[in-house]
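# Coordinate analysis (summary)
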Amino acid sequence: MITSDTLRPPFFIDHTAPAYKDWFHLNFADATSDTSGLINVSLHGSPWDDRSRAMGTVLLHSPEFGWTSHVEILAYSEANLGASSIGLRDVALAIDQRNGTIHASVAGASSRFRSRLLAEPISAPLEVGQKSPLGSGWISWCLAPRMRISGEWEIAGHPAACKNLAGYHDHNWGRWYWGDDFGWEWGCFLADPQHPEAPSFVFTRTCDRRHQRYGEPFLLADLGSTRKQYGADNIAIRLAGQFRGVLHRVPGAMAALHQEMAQPDIPAGLELVARRGTDRVHITFEGHAAAQFITADTVVRGYGFIHEIVGKYSSFGCIGGKNFETKGYAVLEYVI
Amino acid sequence: MMLKVYITALIEDLHECDPDAYVRMCHVVGKRSARIQLDEEAVIVRMNLGMLQVESSTGEADVVSGEGKTTRATVLALLDGSLEVSEAILNDSIAVYGELEEINRMFQAIEIILDASPRCPELQRLSQKFVQEASANPNALSFENSTWYPFAVLPQEMQLLARYDLLPRETK
């Protein structure tokens, strides 16, 4: 699977090292409890700067308990960093280089969510190798669009075993400063691992901070054995409505600082249509809840506002001569 | 950690880590003084010509420019993101007294510290220490978030708020 997927720290002579960013990301959804969540571990800043920080972020939403979150921030020297692992005190994520399997754990006495999850890729990874411009720098990424997740978790004191959860993983790295003039929109539309014939979709496009000037969009449709990519000539995207619910905002200190972002202008849903040849894909996403993760740069005075809008999607169309119609869980990430 | 020691460490760490932010704070605060109360502990804070003074409060006899009161439970709830500042003020979990100008400057001083904290490891360590110590007190972990609006509202006021789309949104 992603056998060479390791963290990409800068070399000592790299003059852009202060802008270094790197993270591993895991999304999951459980149809039994209607729960959607993510675990993210990230590195921000040069390895030779005491201000640089390793972060663990956990966001989980269920209709029963609302949002549950945990944010952990440590110095690099306090974290356990490996070639393809980031371990903090309570949050850890490691990729097994032999087969791409991901081990993720969330612990901590104060956390309302604890878990040990094992995510297995069930389709080939995709490396988007080139550096895409982002703010004053660039970003690269690779992804595993279909993961099957099992393990156990406890939400607000309620333990449960989980099996066959739908999942997604990506790894992003690059050089930029939070607060630069950039944003992005990214969506992950999870396929049910029990139905390998059902497609899963990943879409992304970068933009300026006001979401008025867009870069090239990208849509990946993964059907396990078949995979199609669609680009600017094939995709039409419409952000729908304005999210009107209450945002869950973390970390709390940054939420307190940024009162002006308590009710930002973020979409409530999305419609995406892709056409090429006989292929056609139509996706409709409706967000049910949203969280705002405020990320502060450790070098310059700048902030990014990452909104995770969770909900459900439906899709239909025809890919490679095969008709499909599917529903599932999705997350739309809207970064300002 | 005593409140007096904590506030002194906050300002000293800011001074050491981000001198420009410290200068901005001195400019914003000027010669004003504030009474800060955390649970039952209260101190008087002054920034006089760039020198911090933190003294024990003598109670209501204190002559200060403004006053802020809160609890450890509130601060913990704010830090873990389960409580917004606006909710805390509406619920009386944060009480601030003084002229508008003085209140503005108190909040600006807090914002300067929060804004510097992502680039100041010392401030982050201090915050972690505060959370660790405050969390050891069971009372500080039992924050009860009351429903906004906590006081009686006339129907006309609700109509006015609805007309301007200012009613609280559905919470989940």
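Within each chain, residues carry numbers counting from 1 in the order of the written sequence. All chains are assigned letters beginning at A, and all ligands numbers beginning at 1, according to the order in which they are written. Local features are withheld for residues below a pLDDT of 70 in this predicted model, meaning they are given only at 70 or higher, and side-chain atom pairs are given and counted only at 80 or more; totals for whole chains, interfaces and linings count all residues.

## Quick look at the overall build of chain B
Basically, it comes down to this: Elements are defined by DSSP. Helices are runs of H or I of four residues or more, strands are runs of E of two residues or more, and each kind is numbered from the N terminus. To sort residues by exposure, count the other C-beta atoms lying within 10 Å of each residue's C-beta; 20 or more gives buried, 12 or fewer gives exposed, and values between give partly exposed, all with C-beta atoms placed from the backbone. For the purpose of contact definition, each residue receives a C-beta atom placed from its backbone, and two residues are in contact when these atoms lie within 7 Å.
For chain B, the count of helices and strands is 7 helices and 5 strands. Counting from the amino terminus, helix and strand elements in chain B follow one another as α-α-β-β-β-β-α-α-β-α-α-α. In chain B, which comprises 172 residues, the share counted as buried stands at 30%. Counting only contacts in chain B whose residues sit at least 6 apart along the sequence, the fraction spanning at least 24 positions is 70%.

## Brief notes about the interface of chain B and chain A
Operational definition: Only Asp, Glu, Lys and Arg are considered charged, only Ala, Val, Leu, Ile, Met, Phe, Trp, Tyr, Cys and Pro nonpolar, and every remaining residue, Gly among them, polar.
Listed as interface residues are 19 residues of chain B and, on the opposing side, 27 residues of chain A. If you list the elements that add at least two residues to the side of chain B that touches chain A, you get helix H3 (72-79), helix H5 (100-116) and helix H6 (121-135) of chain B. For the side of chain B that touches chain A, the class distribution of residues is 6 nonpolar, 5 polar and 8 charged.

## Re the packing of helix H1 (residues 3-17) of chain B against H6 of chain B
All names here are of chain B. For clarity, the cut-off: Interaxial angles span 0 to 180 degrees and are taken between N-to-C directions of axes, which are lines fitted to C-alpha atoms, for helices over the stretch in contact. By definition in this entry, angles of less than 35 degrees are roughly parallel, angles greater than 145 are roughly antiparallel, angles of 65 to 115 are roughly perpendicular, and the rest are oblique. In this scheme the crossing of two helices becomes right-handed for a clockwise turn of the near helix relative to the far one and left-handed for an anticlockwise turn of less than a right angle.
Contact geometry of H1 with H6 gives a least axis separation of 9 Å together with a crossing angle of 160°. One way to sum up the angle between H1 and H6 is to call them roughly antiparallel. Seen from above, H1 lies across H6 with left-handed handedness. In contact with Tyr6, Ala9, Leu10, Asp13, Leu14, Glu16 and Cys17 of H1, H6 contributes Glu122, Leu123, Leu126 and Phe130. Classifying every residue of the contact of H1 with H6 gives 8 nonpolar, no polar and 3 charged.

## Re unusual backbone geometry
All names here are of chain A. The residue after Val250, namely Pro251, is reached through a cis peptide bond having omega -10°. Even without a glycine there, the phi angle at His211 is positive, about 55°. Residue classification places His211 among the partly exposed positions, given that 18 C-beta atoms sit within 10 Å.

## Notes on the confidence of the model for chain B
Residues and elements named next belong to chain B. What counts is decided by this rule: Each residue gets a pLDDT score, which is the predictor's confidence in that residue and runs from 0 to 100.
Across chain B, the average pLDDT comes to 88, with 89% of residues at 70 or higher. The secondary structure element of chain B with the lowest average pLDDT is helix H7 (residues 155-163), at 84, and the one with the highest is H5, at 96. The ipTM for the predicted assembly is 0.90, set against a pTM of 0.92.

## Notes on the pairing of strand S13 (residues 183-189) of chain A
Residue and element names in this part refer to chain A. Quick note on the threshold: Being paired, for any two strands, means DSSP has found at least two bridges between them.
Where burial is concerned, most of S13 is hidden: 7 out of the 7 residues are buried. The pairing of S13 with strand S14 (residues 200-207) spans 7 bridges and is classified as antiparallel. Considered in S14, the bridge of Gly183 is made with Cys207. With 6 bridges joining them, S13 and strand S22 (residues 322-335) adopt antiparallel strand pairing. Bridge pairing in S22 links Phe189 to Ala330.

## Here we look at the environment of Arg280 of chain A
Residues and elements named next belong to chain A. Checked against the element boundaries, Arg280 lands in strand S20 (residues 279-296). The exposure class assigned to Arg280 is partly exposed, which follows from the 15 C-beta atoms found within 10 Å. Spatially, the C-alpha atom of Arg280 lies 43 Å from that of Ser111, the residues being 169 residues apart in sequence.

## Considering the pairing of strand S12 (residues 158-175) of chain A
Residues and elements named next belong to chain A. The sheet contact formed by strand S1 (residues 20-30) and S12 spans 10 bridges and is antiparallel. Counted as the bridge partner of Leu26 is His169 from S12. Here strand S11 (residues 137-155) pairs with S12 via 15 bridges, running antiparallel. Note on S12: the bridge partner recorded for Cys142 is His171. The loop that links S11 with its antiparallel partner S12 comprises 2 residues; one of these, Ala156, has a positive phi angle of about 50°.

## Some points on H1 of chain B
Residue and element names in this part refer to chain B. Defined as follows: Expected helix span is given by 1.5 Å per residue-to-residue step, counting one fewer step than there are residues. For this quantity, the arc is that covered by the directions from the helix axis to the C-beta atoms.
Taking 1.5 Å of rise per residue, the 15 residues of H1 would be expected to cover 21 Å, and the 21 Å separating its terminal C-alpha atoms lies within 8% of that figure. Restricting attention to buried positions, one finds in H1 the residues Leu3, Leu10, Asp13 and Leu14. Mapping the buried residues of H1 onto a view down its axis gives an arc of 100°, with all of them on the same face. Residues of H1 that are exposed and angled more than 90 degrees away from the buried face: Val5 and Glu16. If you follow the buried residues of H1, they end up packed against helix H2 (19-29), strand S1 (33-38), strand S2 (41-48), H5 and H6.

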